[in-house]
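Letter by letter, the chains look like this.
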Amino acid sequence: MVRVTTPPAHPPQSPPAPPAPDRRTALRSGAALAAGTLTAGCSTAGAAAPPPTPTSTSPRPADSHPATPTPTPGHGTATPTAPTAPTPRTFPSQPAEITHGPRTRPQVALTFHGQGDPAIATSVLGEAEKAGARVTVLAVGTWLDEHPDIARRILDGGHDLGNHTLHHLDINSMPEADADAEIRGCADRLKRLTGSIGTWFRPSRTARASPEVARLAHRAGYPHVLSYDVDSLDYTSPGAPAVTRKVIGEVRNGSVVSLHFGYADTVTALPSLLHELDRRGLRAVTTTELLS
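The written sequence of each chain sets the order in which its residues are numbered from 1. Where totals are concerned, whole chains, interfaces and linings use all residues; where local detail is concerned, this predicted model gives features only for residues with pLDDT of at least 70, and gives and counts side-chain atom pairs only at 80 or more. Derived side-chain values reflect all non-hydrogen atoms in the structure, with water molecules and hydrogen atoms excluded from consideration.

1. A word on the pairing of strand 3 (residues 136-139)
Point 1. Relative accessibility thresholds used throughout: buried, under 20% of the residue-type maximum; exposed, over 50%; partly exposed, between the two (1.4 Å probe, protein chains only). Secondary structure elements are taken from DSSP: a helix is a run of H or I of four residues or more, a strand is a run of E of two residues or more, and numbering for both begins at the N terminus. The side-chain alternation of strand 3 yields two buried faces, one formed by Thr 136 and Leu 138 and the other by Val 137 and Ala 139.
Point 2. In this structure, strand 2 (residues 107-114) lies alongside strand 3, joined through four bridges in parallel fashion. Across the sheet, Phe 112 pairs through a bridge with Val 137, a residue of strand 3. Two strands form a pair only when DSSP identifies at least two bridges running between them.

Okay, here's the thing in structure tokens:
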């Protein structure tokens, strides 16, 4: 596992979250844990105030690839661990923005917006692995800055890892140059940590990408935008049973489910959610496997 301290690419972010609880506490705690680790879901309703919008940068030419920034003296860059992480793939039968996979196979993709306490994220990954499930994590770039080890942990567990922008701002409302910087900033971090820009891109604070954002993502190297057809609404903290009911009530063959790290209800709900999926004959796989 490679450790790296990456130089800040934008103005300082919010102070780090409080120390992580142990696994048992992370799995069983509710409101107390949520108060310390909540992160804004991909909805502007009730969301915490975002960090300052990054300074605009000129977009790169269409045929360019995400570049690895030159390290500041005194700071290192990560050497990717062999083998290099998977890269984005084109799925010819799928649209530019994917909301679900084939309805003919009993598989679903649980996709997690990657932000929040890394101990909770690790607990979620562990619970999934114990049940034989694999998930997809769309990581926020500043989260990777703060917890660089988490990228390799996700990949080593057999999960998909993708891009959920640099700061988790309302990307559809941003000027083109700023939106481009959000996509490429997270891609740069993923590439330094894993050797790949990640397998997927999901826009932040929206279920669907605007045509401009989809074009920028494609130019940055992502053939598809990954959306979803089932929203767990876990970021509203409705309680673990409500999260399970919402997902199970709507999920079907090929569904892509939106979930979040950093919410106590999600952690508590996961074992029962996986059990209910299994009871219905649905297997939780990575998005790549779902579409392959």
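Following the structure, the description resumes.
2. Here we look at the environment of Asp 278
Point 1. Mapped onto the elements, Asp 278 comes out in helix 9 (residues 264-279).
Point 2. When its relative accessible area of 57% is taken as the criterion, Asp 278 is described as exposed.

3. Thoughts on helix 3 (residues 118-130)
Point 1. To estimate how far a helix should extend, the number of its residues minus one is multiplied by 1.5 Å. Taking 1.5 Å per residue as the helical rise, helix 3 with its 13 residues ought to reach 18 Å, and the 18 Å between its terminal C-alpha atoms agrees with that figure.
Point 2. Buried within helix 3 we find Ile 120, Ala 121, Ser 123, Val 124, Leu 125, Gly 126, Glu 127 and Ala 128.
Point 3. Between N or O atoms, a polar contact is any pair within 3.5 Å; within protein, one atom must be a potential hydrogen donor and the other a potential acceptor, and residues adjacent in sequence are included only when both atoms are from side chains. At the N-terminal boundary of helix 3, the capping side chain belongs to Asp 117, with an oxygen 2.9 Å from the backbone nitrogen of Ala 119.
Point 4. In the segment just after helix 3, Gly 132 is the residue with positive phi, at about 75 degrees.

4. Re the environment of Glu 97
Point 1. With respect to the element layout, Glu 97 can be found in strand 1 (residues 97-98).
Point 2. Remark: the alpha-carbon pair of Glu 97 and Val 225, spanning 128 residues in sequence, is separated by 4.6 Å.
Point 3. A polar contact is formed between the side chain of Glu 97 and the backbone nitrogen of Ala 209, at a distance of 2.8 Å.

5. Thoughts on the confidence of the model for the protein chain
Point 1. On average, residues of the protein chain score 80 in pLDDT, and 72% of them reach the 70 mark or higher.
Point 2. pLDDT under 50 marks residues 1-40. Its contacts with residues more than four places away, or in other chains, come to 73 contacts.
Point 3. The pLDDT score gives, residue by residue, the confidence of the prediction method on a 0 to 100 scale. A contact between two residues is defined here by any heavy atoms of the two lying within 4.5 Å. With pLDDT under 50 throughout, residues 44-83 is counted as low confidence; its partners more than four residues away or in other chains account for 72 contacts.

6. A closer look at the side chain of Thr 199
Point 1. Here Thr 199 is to be found in the loop between helix 6 (176-194) and helix 7 (211-220).
Point 2. In contact with Thr 199, other than residues within four places in its own chain, are Pro 86, Thr 87, Pro 88, Asp 160, Leu 161, Gly 162 and Thr 288.

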